[in-house]
Amino acid sequence: MNWRIPLADIDFGQEEYEAVEAVLKSKWLTMGAVTQQFENDFSAYTKIEHCIAVSNCTAALHLAMVALGIGDEDEVIVPSLSFVATANAVRYTGAKPIFADINDINDLNISVSSIQSHITHKTKAIIVMHYGGYACDMKAILALARTHQLYVVVDAAHAVGASLDGKQLGGWGDIGCFSFFPNKNMTTAEGGLVATNNAELASKIRLLRSHGMTSITWDRHQGHAWSYDVVELGYNFRIDEIRAALGVAQLKKLPSNNHKRRWLTNEYWHRLEREVPEVSLPFRGHRGESACHIMPVILPEGMDRTAIMERMKGQGIQTSIHYPPIHLFSDYRKQGAIPMVEKTEDLAKRELTLPLFAGMEIDEVNLVVAALKASFA
Ligand SMILES: *Cc1c(COP(=O)(O)O)cnc(C)c1O
């Protein structure tokens with residue numbers, strides 16, 4: 001469909017085309033110098049010491065679970081209001097995702113008291129997801145995790161470039177996982193990254209990324225190694241040079257693009273408050289500096305969201321939902337008892353995501369707000 005205003009858009013220019021062309025001409029395509037540069041650049045930007053680029057964020061989350069030794073009989077507390085990969089990563093290891101509820105209509109992030117109420121002797125870790133790039137209550141979550149000796153993994157798919165107290169959100173916790181899927185704040189097509197300040201976890205994750213092998217093709221090409229051993233049951237979760245080159249170029253634009261997203265979000269809030277007072281605006285005045293990955297609004301109770309989305313579509317404006325709760329998917333219902341996450345179920349029915357991307361113009365914000373107002377009439 002040809003949208004007048006799409007939900008998201010990609011900021012590609014000459015830099016990306018040239019970066020990809022240079023890799024193609026070099027004929028070195030699997031992980032090598034460009035991947036190393038991307039990892040170094042990402043580490044310098046986020047100030048997280050060890051950055052390991054992988055094939056996607058789902059693989060990053062999976063590697064985080066494996067590196068922390070999570071497996072059969074273990075429980076990992078996760079939000080239900082997230083993308084399904086957050087919980088799938090737990091299940092790949094044989095462990096069980098335990099769903100915690102959100103805070104409230106103003107804060108769609110995982111609630112600390114809900115996490116607390118789900119901790120058992122089987123709990124090994126918590127995965128937090130910074131919804132829209134807005135910070136979870138990390139101080140309270142880390143304090144709780146310390147008390148119960150739990151690992152904290154950050155699903156930072158929405159939060160690239162976002163921070164709390166000046167520290168990148170992906171760096172609060174044991175391991176941070178990033179996504180560079182095309183609809184995220186920066187993209188490598190498919191792509192992801194694992195970030196940690198723990199050297200031991202980092203070397204384990206590097207091994208697991210590539211078959212648990214002690215040397216990679218690049219080392220052998222460089223003449224650094226002739227053979228290798230396999231020391232763990234690893235995976236092929238590698239990124240490649242084409243994607244890494246996109247990452248290097250996209251990361252350079254991230255600070256200014258995130259700045260634009262924050263500005264657009266503020267403009268949205270001012271206009272929506274005035275023009276469509278019926279909707280609630282979560283995360284307004286929230287802690288930290290957001291990556292403003294998406295623009296969520298909460299519709300009034302009982303309102304027909306599908307009808308609103310249809311009317312928006314009629315005006316050429318793409319909208320979306322973040323998210324259908326994970327625990328309600330058919331494959332998750334099969335897993336056993338339905339968790340008590342009433343706020344998640346209520347708010348998920350009422351959430352509507354409006355278009356937001358760095359290249360968006362203020363006229364387009366005005367159009368979306370006018371269309372939403374008209375959809376209510
Ligand atoms: C996009 C996303 C993922 C998955 O990322 P991929 O790179 O597509 O695997 C995981 N969690 C959240 C919250 C996401 O938005």
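This structure is a prediction, so every number in the text was calculated from the model and none was measured.

Reading guide: rules and limits
- Residues numbered from 1 in each chain as written.
- Predicted model: local features only at pLDDT ≥ 70, side-chain atom pairs only at ≥ 80, totals over all residues.
- Heavy atoms only, no water.
- Helix = DSSP H or I, 4+ residues; strand = E, 2+ residues; numbered from the N terminus.
- Rg over C-alpha atoms; globule rule 2.2 N^0.38 Å.
- Buried < 20%, exposed > 50% of the residue type's maximum accessible area, 1.4 Å probe, protein only.
- Contact = heavy atoms within 4.5 Å.
- Areas by Shrake-Rupley, 256 points an atom, 1.4 Å probe, with all protein chains shown as cover.
- Domains from an automatic or database assignment.
- Buried area = accessible area lost by both parts, 1.4 Å probe.
- Salt bridge = Lys/Arg side-chain N within 4 Å of Asp/Glu carboxyl O.
- Polar contact = N/O pair within 3.5 Å; in protein donor to acceptor, adjacent residues only side chain to side chain.
- Nonpolar A, V, L, I, M, F, W, Y, C, P; charged D, E, K, R; others polar.
- Disulfide = S-S within 2.5 Å.
- Near = heavy atom within 4 Å.
- 1 Å grid on protein atoms, 1.4 Å probe; cavity = no way out; pocket = protein on both sides within 12 Å on 5 of 7 lines; lining within 4 Å.
- Sits in = over half its atoms within 2 Å of the grid points.
- Patch = residues over 30% accessible without salt bridge, like charges linked within 9 Å, V, L, I, M, F, W, Y side chains within 5 Å.
- Core = buried A, V, L, I, M, F, W, Y, C linked by side-chain atoms within 4.5 Å.
- Pairing = 2+ DSSP bridges.
- Points joined across faces, edges and corners; volume = space filled by probe spheres on them.

Colleague: Could you clarify how one ought to interpret the overall build of the protein in this entry?
Modeller: Scanning the protein for helices and strands turns up 13 helices and 13 strands. In terms of overall dimensions, the protein is globule-like: its C-alpha atoms have a radius of gyration of 21 Å, near the 21 Å expected for 377 residues. Looking at the 377 residues of the protein, the share that counts as buried comes to 56%. Considering only contacts within the protein whose residues lie at least 6 apart along the sequence, 72% involve residues at least 24 apart. Counting only carbon and sulfur atoms, one obtains 50% of the accessible surface of the protein, whose full area is about 16200 Å².

Colleague: Which parts of the structure should I look at to understand the domain arrangement of the protein?
Modeller: By convention, interface size is frequently given as the accessible area that disappears when the constituent parts associate. Taken domain by domain, the protein consists of domain 1 (14-251) and domain 2 (254-376). If you average the C-alpha positions of domain 1 and of domain 2, the two centres end up 25 Å apart. Every contact between the two is made by 42 residues of domain 1 and, on the other side, 40 residues of domain 2. Summed over both partners, the interface of domain 1 with domain 2 buries about 3500 Å², with 58% contributed by carbon and sulfur atoms. The largest share of the area that domain 1 buries against domain 2 comes from Ile105, Tyr134 and Asn185, three residues that together contribute 21% of it. Linking domain 1 with domain 2 are one salt bridge, by the criterion used here. In this structure, Arg91 and Asp331 form a salt bridge, with 2.9 Å as the shortest nitrogen-oxygen distance. For the pair domain 1 and domain 2, the number of links is 27 residue pairs in polar contact (both at pLDDT 80 or more). Broken down by class, the residue content of the side of domain 1 that touches domain 2 amounts to 23 nonpolar, 14 polar and five charged.

Colleague: Would you take a moment to explain the side chain of Ser290 for this structure?
Modeller: Structurally, Ser290 can be placed in the loop between helix H9 (241-275) and strand E12 (295-298). Separated by 2.8 Å, the side chain of Ser290 and the backbone nitrogen of Cys292 make a polar contact. Not counting the four nearest positions on each side in its chain, Ser290 is found in contact with Gly132, Gly133, Tyr134, Ala162 and Arg262.

Colleague: Mind showing me how you'd approach the state of the cysteines here?
Modeller: The term disulfide refers to a covalent linkage connecting the sulfur atoms of a pair of cysteines. This structure, assessed with the given rule, holds zero disulfides. Cys136 forms no disulfide, and the closest cysteine sulfur to it belongs to Cys177, at a distance of 14 Å. With relative accessibility at 0%, the residue Cys136 sits in the buried group. Of all cysteine sulfurs, the one in Cys136 lies closest to Cys292, which takes part in no disulfide; the gap is 15 Å.

Colleague: Would you mind going over the site of the ligand with me for this structure?
Modeller: Contacts to the ligand come from 16 residues, most closely from Cys57, Thr58, Asp155, Ser179 and Lys184. Within the contact set of the ligand, an oxygen atom lies 3.3 Å away from a side-chain nitrogen or oxygen of Lys184. Tyr323 places a polar side-chain atom, nitrogen or oxygen, 3.2 Å from an oxygen atom of the ligand. Relative to its unbound accessible surface of 390 Å², the ligand loses 93% to contact with the protein. Here the ligand occupies the largest pocket. In terms of residue class, the shell around the ligand is built from seven nonpolar, seven polar and two charged.

Colleague: In this structure, what is going on with a nonpolar patch on the surface? I would like to understand it.
Modeller: A contiguous nonpolar surface patch, about 270 Å² in accessible area, is contributed by Ile10, Phe12 and Tyr17. Examined against the element boundaries, Phe12 turns out to sit in the segment before helix H1 (14-26).

Colleague: Would you explain the nonpolar core in this entry?
Modeller: Membership of the largest hydrophobic core comes to 43 residues, with the highest contact counts inside it found for Phe38, Phe42, Met138, Ile141, Phe178 and Leu193. Sorting elements by how many residues they give to this core places helix H6 (residues 138-148) first, with five residues. When neighbours within four sequence positions are excluded, Met138 is seen to be in contact with Val128, His130, Val152, Val154, Leu164 and Trp172. In terms of nonpolar packing, the next biggest core, distinct from the first, is built from 39 residues, Tyr131, Met295, Ile308 and Met312 among them.

Colleague: Looking at this structure, how should I read the pairing of strand E5 (residues 107-110)?
Modeller: In summary, the side chains of a regular strand alternate between the two faces of the sheet. In the sheet, strand E4 (residues 102-104) pairs with E5 via two bridges, with the strands oriented antiparallel. Looking at the pairing, Ile102 lines up with Ile110 of E5. Linking E4 back to E5 in an antiparallel pair, the connection comprises two residues.

Colleague: Explain the layout of surface pockets here, please?
Modeller: In this approach the atoms are scanned with a rolling probe the size of a water molecule, which exposes any empty space left behind. Its volume calculated, the largest pocket comes out at about 430 Å³. Every residue lining the largest pocket is counted, 24 residues in all, and those nearest its centre are Phe83, Ser179, Phe181, Lys184 and Tyr323. If you list the elements that add at least two residues to the lining of the largest pocket, you get helix H3 (57-67) and helix H4 (85-92). Ranked by residues supplied to the lining of the largest pocket, first place goes to H3 with three residues. Residue composition of the lining of the largest pocket, by class: 11 nonpolar, 10 polar and three charged. Here the lining of the largest pocket gathers at least three residues from each of two domains, domain 1 (14-251) and domain 2 (254-376).

Colleague: Honestly, the environment of Thr30 in this entry has me stumped. Any pointers?
Modeller: As for its placement among the helices and strands, Thr30 is situated in the loop between H1 and helix H2 (33-46). On the accessibility criterion, Thr30 (29% relative accessible area) is partly exposed. Taking the C-alpha atoms as reference points, Thr30 and Lys253, separated by 223 residues in sequence, lie 24 Å from one another. Residues contacting Thr30, with those up to four places away along its chain left out, are Arg238, Asp240 and Glu241.

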